[in-house]
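Residues per chain, in single letters:
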Amino acid sequence: MTPPAEVSDTGIGPYPSDGARKLHLRTQFFRLAWGISPAMCMRITNLGSQYLVAAADKEGRTLDGGRHYTVSLPLASRPPGSGSLTAWDNQTRSMLDTPQRFSKVGSQGYPRRAATADPDGSMTVHFAPELPDGVPDGNWIQTTPGRGWCVCLRLYSPLQPFFDKSWRPGELDEVEI
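Residues numbered from 1 in each chain as written. Predicted model: local features only at pLDDT ≥ 70, side-chain atom pairs only at ≥ 80, totals over all residues. Heavy atoms only, no water.

- As recorded by an unreviewed UniProt entry, the protein chain carries the name DUF1214 domain-containing protein and is attributed to Rhodococcus aetherivorans.

Shown next as structure tokens:
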């Protein structure tokens, strides 16, 4: 009934119980991320890790592997700290099983090409069954028609703009084909 304590550079601060059990939230995260590490919930600038997960588009519709979606990471688009976007299969909890092999986009060039920034410095990532026209391969994650999926933005050693919310990723937008 009590959320994990806030671990910050000023110490450990427990959150009060609100009387409600957090079983669904904890079960959902455990199902996706098997295991726990204190670093997964630390709120210390430039230390630990943070995970943002989405399983629906900005309209609240479940993500469909047969559709085309985009998400924009704002100017100075490398997330504040290092990180990546990874798409996961809702049923297997594994990376999507597609001919693309690695359903991730990031700044590192291995095991796939690194993502390319847009002219304004932001980064647009595409999720679709086929590589959309004009989209660099490093900015695309292949999905599978008929399969649900979710996406996780992993931030390692996140910087202050993440914590004060002056940097926020965009919403998942469906693109009409």
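### Let's talk about the overall build of the protein chain
Item 1. Scanning the protein chain from N- to C-terminus turns up 2 helices and 10 strands.
Item 2. Put simply, the protein chain runs from its N terminus to its C terminus through helices and strands in the order β-β-α-β-β-β-β-β-β-β-α-β.
Item 3. Within the protein chain, the proportion of its 177 residues that are buried is 35%.
Item 4. A total accessible area of about 10,400 Å² is found for the protein chain, and carbon and sulfur atoms account for 55% of it. (Helix = DSSP H or I, 4+ residues; strand = E, 2+ residues; numbered from the N terminus. Buried < 20%, exposed > 50% of the residue type's maximum accessible area, 1.4 Å probe, protein only. Areas by Shrake-Rupley, 256 points an atom, 1.4 Å probe, with all protein chains shown as cover.)

### Comments concerning the sheet that holds strand β7 (residues 123-128)
Item 1. Pairing in this open sheet of 4 strands is mixed, and the strands run β8-β7-β4-β10 from one edge to the other. Each edge of the sheet is formed by a strand with only one pairing partner; in this case those strands are β8 (140-142) and β10 (173-175). Neighbour-to-neighbour, the strand axes of this sheet turn through a mean angle of 25°, independent of strand direction.
Item 2. The pairing of strand β4 (residues 68-73) with β10 spans 3 bridges and is antiparallel. Looking at the pairing, histidine 68 lines up with valine 175 of β10. (Pairing = 2+ DSSP bridges. Axes fitted to C-alpha atoms, helices over the stretch in contact; angles between N-to-C directions.)

### So, the nonpolar core
Item 1. In terms of nonpolar packing, the biggest core is built from 20 residues, with Leu85, Val125, Phe127, Trp149 and Leu172 touching the most fellow members.
Item 2. Every element with two or more residues in this core is listed here: β4, β5 (82-89), β7 and β9 (149-156).
Item 3. In this view, leucine 172 contacts Ala54, Ala56, Asp57, Lys58, Leu63, Tyr69, Thr70, Val71, Phe127 and Val151; residues no more than four positions away in its chain are not counted. (Core = buried A, V, L, I, M, F, W, Y, C linked by side-chain atoms within 4.5 Å. Contact = heavy atoms within 4.5 Å.)

### Considering the environment of serine 82
Item 1. The topology assignment puts serine 82 in strand β5.
Item 2. Measuring from C-alpha to C-alpha, the distance between serine 82 and proline 158 comes to 7.1 Å, with 76 residues separating the pair along the chain.
Item 3. With residues up to four places along the chain from it excluded, the contact list for serine 82 reads Arg154, Leu155 and Tyr156.

### Brief notes about the sheet that holds β9
Item 1. Ordered in space as β3-β9-β5-β6, the 4 strands form an open sheet in which the pairing is antiparallel. Only two strands of the sheet have a single partner each, and these edge strands are β3 (49-54) and β6 (104-106). Adjacent strand axes in the sheet meet at a mean angle of 15° when their direction is disregarded.
Item 2. Two strands pair when backbone bridges link them, and β3 and β9 are joined in this way by 6 bridges, in the antiparallel orientation. Within β9, the position partnered with serine 49 by the bridge is tyrosine 156.

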